[in-house]
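One-letter residues, chain by chain:
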Amino acid sequence: MDWVTASQMPKPKLVASDVDGTLIDPFERVTARTRDVVAALVADGVQFVLATGRPPRWIAPVVAGLGFAPLCVCGNGAVLYDPETDRVLSTTVLDVPTLAWLADLAEKVLPGCGLAAERVGASAQDAATPQFVSSPEYVHAWLNPDDTAVARDEVIASPAIKMLIRLPEASSGDMAATLAGHIGDRADITYSTDHGLVEISAPGVTKAHGLRIIGERLGIDPADMVAFGDMPNDVPMLRMAGLGVAMGHAHPEAIAAADEVTGTNSEDGVARVLERWWPQGDSYR
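Nothing here was measured: the structure is a model prediction, and the numbers come from that model.

Thresholds applied
- Residues numbered from 1 in each chain as written.
- Predicted model: local features only at pLDDT ≥ 70, side-chain atom pairs only at ≥ 80, totals over all residues.
- Heavy atoms only, no water.
- Helix = DSSP H or I, 4+ residues; strand = E, 2+ residues; numbered from the N terminus.
- Rg over C-alpha atoms; globule rule 2.2 N^0.38 Å.
- Areas by Shrake-Rupley, 256 points an atom, 1.4 Å probe, with all protein chains shown as cover.
- Lys, Arg positive; Asp, Glu negative; His and termini not counted.
- Charge placed at Lys NZ, Arg CZ, Asp CG, Glu CD.
- Expected span 1.5 Å × (residues − 1).
- Buried < 20%, exposed > 50% of the residue type's maximum accessible area, 1.4 Å probe, protein only.
- Contact = heavy atoms within 4.5 Å.
- Pairing = 2+ DSSP bridges.
- Domains from an automatic or database assignment.
- Buried area = accessible area lost by both parts, 1.4 Å probe.
- Salt bridge = Lys/Arg side-chain N within 4 Å of Asp/Glu carboxyl O.
- Polar contact = N/O pair within 3.5 Å; in protein donor to acceptor, adjacent residues only side chain to side chain.
- Nonpolar A, V, L, I, M, F, W, Y, C, P; charged D, E, K, R; others polar.

Enquirer: Would you take a moment to explain the overall build of the protein for this structure?
Expert: Scanning the protein for helices and strands turns up ten helices and 14 strands. Computed over its C-alpha atoms, the radius of gyration of the protein comes to 18 Å, within 12% of the 19 Å expected for a compact globule of 285 residues. Principal axes of the C-alpha set define a box for the protein whose edges measure 55 × 40 × 35 Å. If you sum the accessible surface of the protein, you get close to 11800 Å²; carbon and sulfur atoms cover 51% of it. Of the charged side chains in the protein, 21 are positive and 38 negative; the average position of the first set lies 3 Å away from that of the second.

Enquirer: Can you walk me through helix H4 (residues 96-109) in this structure?
Expert: Counting along an α-helix, one turn takes 3.6 residues, and residues three or four places apart therefore face a common direction. Here H4 contains 14 residues, and its C-alpha end-to-end distance of 20 Å stays within 8% of the 20 Å for a straight helix at 1.5 Å per residue. Of all the residues in H4, the buried ones are Thr-98, Leu-99, Leu-102, Ala-103, Leu-105 and Ala-106. On the buried face of H4, the contacting elements are strand S6 (114-118), helix H5 (152-155), strand S9 (162-166), helix H6 (172-183) and strand S11 (197-201).

Enquirer: What is the right way to look at the pairing of S11 in this model?
Expert: Successive side chains on a regular strand alternate, one facing one side of the sheet and the next facing the other. Most of S11 is tucked away, with five of its five residues classed as buried. Judged by which residues are buried, S11 turns out to be covered on both faces: Leu-197, Glu-199 and Ser-201 on one side and Val-198 and Ile-200 on the other are all buried. Looking at chain direction, S9 and S11 are connected through four bridges and run antiparallel. Its bridge partner lying in S11, Met-163 is registered against Ile-200. Note that strand S10 (residues 188-190) and S11 share three bridges and pair antiparallel. Directly across from Ile-189, in S11, lies its bridge partner Ile-200. Between S10 and S11, which pair antiparallel in sequence order, lie six residues; one of them, Gly-196, sits at a positive phi of approximately 70°.

Enquirer: When you look at the domain arrangement of the protein in this model, what are you seeing that I'm missing?
Expert: Note: interface size is frequently given as the accessible area lost on complex formation between the parts. Here the protein is partitioned into domain 1 (14-91 + 206-275) and domain 2 (96-201). Using only C-alpha atoms to locate each centre, domain 1 and domain 2 end up separated by 23 Å. Each partner contributes to the interface: domain 1 provides 20 residues, whereas domain 2 provides 21 residues. For the domain 1 and domain 2 pair, buried surface summed over both sides reaches about 1600 Å², with 54% attributable to carbon and sulfur atoms. Together, Arg-57, Trp-58 and Met-231 form the three largest contributors to the area buried by domain 1 at its contact with domain 2, with a combined 34%. Counting across the domain 1 and domain 2 interface gives one salt bridge. A salt bridge links Arg-57 to Glu-118, with the shortest nitrogen-to-oxygen separation between them at 2.4 Å. For the pair domain 1 and domain 2, the number of links is ten residue pairs in polar contact (both at pLDDT 80 or more). Among the secondary structure elements, those contributing two or more residues to the side of domain 1 that touches domain 2 are strand S4 (79-82) and strand S5 (87-91). In terms of residue count, the dominant contributor to the side of domain 1 that touches domain 2 is S5 (three residues). Residues of the side of domain 1 that touches domain 2, tallied by class, amount to nine nonpolar, seven polar and four charged.

Enquirer: Explain unusual backbone geometry to me, please; I cannot follow it from the model alone.
Expert: Peptide bonds are mostly trans, and most non-glycine residues show a negative phi. Residues other than glycine seldom take positive phi values, yet Asp-86 does so here, at roughly 50°. Residue placement: Asp-86 occurs in the loop between S4 and S5. Its relative accessible area of 32% is what places Asp-86 among the partly exposed residues. The phi dihedral of Asp-268 is positive, around 55°, even though this residue is not glycine. The residue Asp-268 is located in the loop between strand S14 (260-261) and helix H10 (269-274) in this model.

Enquirer: When you look at the side chain of His-251 in this model, what are you seeing that I'm missing?
Expert: Here His-251 shows up in the loop between strand S13 (243-246) and helix H9 (252-257). Judged by its relative accessible area of 13%, His-251 falls in the buried class. Within the structure, His-251 has its side chain in polar contact with the side chain of Tyr-191 (distance 3.4 Å).

Written as structure tokens, this is what we have:
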């Protein structure tokens, strides 16, 4: 690999950051150091974008931590969301026949798995749309889930931005590898945790896909972007950006895809890179 570093790259026109494990610290906070340098780049006219596996309804705490509402690539690239106006700008979904096929396949090759589907409406908290539905077999990978428990067939009854497949005793990497051999190019498979959870989106839908759309709307080339991430669902955007930066604790796939490795999210790794263009004085050194 020909390594690129922030010191070699001109000032970017767009900075994109993953949220969990990257922009926010282990306590799910935007630190003062990160908030200040992001504010500096925005004041300098640079676009800042959140690129996350989170759905729009989980964006508000991050916006509050940043102190402003950036454009968001949500659902691993399936949703473009504007938190300032609380509007979903675009979605790319898995249709019902594809969801049904994926469900049958998952249950065949990953016996005992549970299924869930993420949906979106017109806004982050669209009450007309049950946004996260899960089957009785689905064991949540996080605390305090905000799901609606439904029958297995209801999970696949409406288009979804992504299907989630959960097998707690398995590794996510092994699950993804098993599914990939059967799915081929009919869907896009990724994961953002190693704890037995994979996420499936429509073909070609990744964080890079969402960032590319934003870049086209704003007239910004990928070569003028910096992207930060820590997990396999960040790999496409790390490869696409002019400078892809992996966190110090990142998954090996993310590190291999990156041009540079920074500190961990507990060490303000994102801020440490951005301060090369937008220095914040001695207060954080």
